[in-house]
Each structure stands twice: as structure tokens, then as C-alpha cells.
Amino acid sequence: MTGKPCSYIYHKLQSAGIIKDYLTSAYDVLHTFSLEYVAEDIINLMKKKGHALC
């Protein structure tokens, strides 16, 4: 989706607090959504926080 290595994406998500604040806390609910929805939601959240994945 972004064309970036997984380690780069992980570092960006971790530094923005997405893993702890979003993925971990909403883990059960996120499993009910499609991968595309969750990815788009994360990208929008990153933009809202002022971080870019690409």
C-alpha cells in the first residue's frame, strides 16, 4: 500500500503512538473491519497527528 518496508512502517506507527493508543486498545473491534478499512483509517489518523507514512 505504501511501498515502504514493514520495519519503516512499524517505526512510524510506534513513534506516533498508533500501536499503543489505537491498535492495541481497539484490537478486538478492528478484527471486524476489512484490512483496507483499517489501513485507510490508520493513514488518516497519521495525517491527523501530523505524521506521514510515505
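Notes on the structure follow. (Residues numbered from 1 in each chain as written. Predicted model: local features only at pLDDT ≥ 70, side-chain atom pairs only at ≥ 80, totals over all residues. Heavy atoms only, no water.)

### Overview of the layout of surface pockets
Here is step 1 of the chain: One number sums up the size of the largest pocket: a volume of about 350 Å³.
Here is step 2 of the chain: In this structure, the largest pocket is lined by 16 residues; those nearest its centre are I9, L13, L35, A39 and I42.
Here is step 3 of the chain: The set of elements that each furnish at least two residues to the lining of the largest pocket consists of α1 (6-15), α2 (18-24) and α4 (35-48). (1 Å grid on protein atoms, 1.4 Å probe; cavity = no way out; pocket = protein on both sides within 12 Å on 5 of 7 lines; lining within 4 Å. Points joined across faces, edges and corners; volume = space filled by probe spheres on them. Helix = DSSP H or I, 4+ residues; strand = E, 2+ residues; numbered from the N terminus.)

### A few points about the packing of aromatic side chains
Here is step 1 of the chain: Applying the stated criterion across every chain, the model contains one aromatic pair.
Here is step 2 of the chain: For the cation-ring pair, K4 lies above Y8, with the distance from its terminal atom to the ring centre recorded as 5.5 Å. (Phe/Tyr/Trp six-rings, centres within 6.5 Å; stacked < 30°, edge-to-face > 60°. Lys NZ or Arg CZ within 6 Å of the ring centre and 35° of its normal.)

### Observations concerning the nonpolar core
Here is step 1 of the chain: Counting residues in hydrophobic clusters, the biggest one holds 11 residues: I9, L13, A16, I18, Y22, A26, L30, V38, I42, M46 and L53.
Here is step 2 of the chain: For this core, the secondary-structure elements that each account for two or more residues are α1, α2 and α4.
Here is step 3 of the chain: Here this core takes three residues from α4, the largest share from any one element. (Core = buried A, V, L, I, M, F, W, Y, C linked by side-chain atoms within 4.5 Å. Buried < 20%, exposed > 50% of the residue type's maximum accessible area, 1.4 Å probe, protein only.)

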